[in-house]
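# Commentary on secondary and tertiary structure
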Amino acid sequence: MLEVPAEWDDEAGVWVATSDDVLGLVTEAPSMDALVERLKIIIPELMALNGGSVATPLRFHLTGERTAVTQAA
């Protein structure tokens, strides 16, 4: 299974995904659901370009991290 971590970019307002398991993977989307849909397209394309496995199904595990700040009223 491919590991794909994502981090929230406050400035851009998007989730940014990269992966050591998929050479060249850098993509972004405004929601995790939209990011999953982008990854379903991009991962097989990059795997094929890099000469890697394009066997079906290509499973990936997307994890997200987001840091927030709050203050007492």
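Above this note sits the structure.
These lines cover the structure that appears in this document, whether it is placed above or below. (Residues numbered from 1 in each chain as written. Predicted model: local features only at pLDDT ≥ 70, side-chain atom pairs only at ≥ 80, totals over all residues. Heavy atoms only, no water.)

### Focus on the environment of M32
Residue position: M32 is located in helix α1 (residues 32-49). Ignoring sequence-local partners within four residues, the contact set of M32 consists of W15, L62, T63 and G64. (Helix = DSSP H or I, 4+ residues; strand = E, 2+ residues; numbered from the N terminus. Contact = heavy atoms within 4.5 Å.)

### Topic: the nonpolar core
In this structure, V4, V22, L25, L35, L39 and I43 are the most contacted members of the largest nonpolar core, which totals 16 residues. Of all elements in the fold, only β1 (2-9), β2 (14-18) and α1 reach the threshold of two or more residues within this core. With 6 residues, α1 is the single largest residue contributor to this core. When sequence neighbours within four positions are dropped, the list of residues in contact with L39 reads V4, A17, L25, T27, P44, F60 and L62. (Core = buried A, V, L, I, M, F, W, Y, C linked by side-chain atoms within 4.5 Å. Buried < 20%, exposed > 50% of the residue type's maximum accessible area, 1.4 Å probe, protein only.)

### What to know about the pattern of salt bridges
Considering all chains together, one arrives at 1 salt bridge under this definition. A salt bridge links E37 to K40; the shortest N-O distance between them is 3.4 Å. Here E37 pairs with K40, and both are found in helix α1, just 3 residues apart, close to one helical turn. (Salt bridge = Lys/Arg side-chain N within 4 Å of Asp/Glu carboxyl O.)

### A word on the side chain of S19
Note on placement: S19 falls in the loop between β2 and β3 (26-29). Taking the relative accessible area as the measure of exposure, S19 reaches 9% and is therefore buried. Of the polar contacts made by the side chain of S19, one reaches the backbone nitrogen of D21; its length is 3.0 Å. Dropping the residues within four chain positions of it, S19 is found in contact with E3, V4, P5 and L25. (Polar contact = N/O pair within 3.5 Å; in protein donor to acceptor, adjacent residues only side chain to side chain.)

### A word on the sheet that holds β3
Strand pairs in the sheet, formed through backbone hydrogen bonds, run parallel or antiparallel to each other. An order of β3-β2-β1-β4 is seen for the 4 strands of this open sheet, with the pairing classed as mixed. Where the open sheet ends on each side, the last strands, each with one partner, are β3 and β4 (60-65). Geometrically, the sheet is characterised by an average inter-axis angle of 25° between neighbouring strands, direction not taken into account. Sheet analysis places β2 next to β3, joined by 4 bridges and oriented antiparallel. (Pairing = 2+ DSSP bridges. Axes fitted to C-alpha atoms, helices over the stretch in contact; angles between N-to-C directions.)

### A closer look at the packing of aromatic side chains
Overall, the coordinates contain 1 aromatic pair when judged by the stated rule. Ring plane angle 65° and centroid distance 5.4 Å describe the contact between W8 and W15, whose orientation is recorded as edge-to-face. The exposure classification of W8 matches that of W15, with both residues buried. It is R66 that lies over the ring of W8; its NZ or CZ is 4.1 Å from the centre. (Phe/Tyr/Trp six-rings, centres within 6.5 Å; stacked < 30°, edge-to-face > 60°. Lys NZ or Arg CZ within 6 Å of the ring centre and 35° of its normal.)

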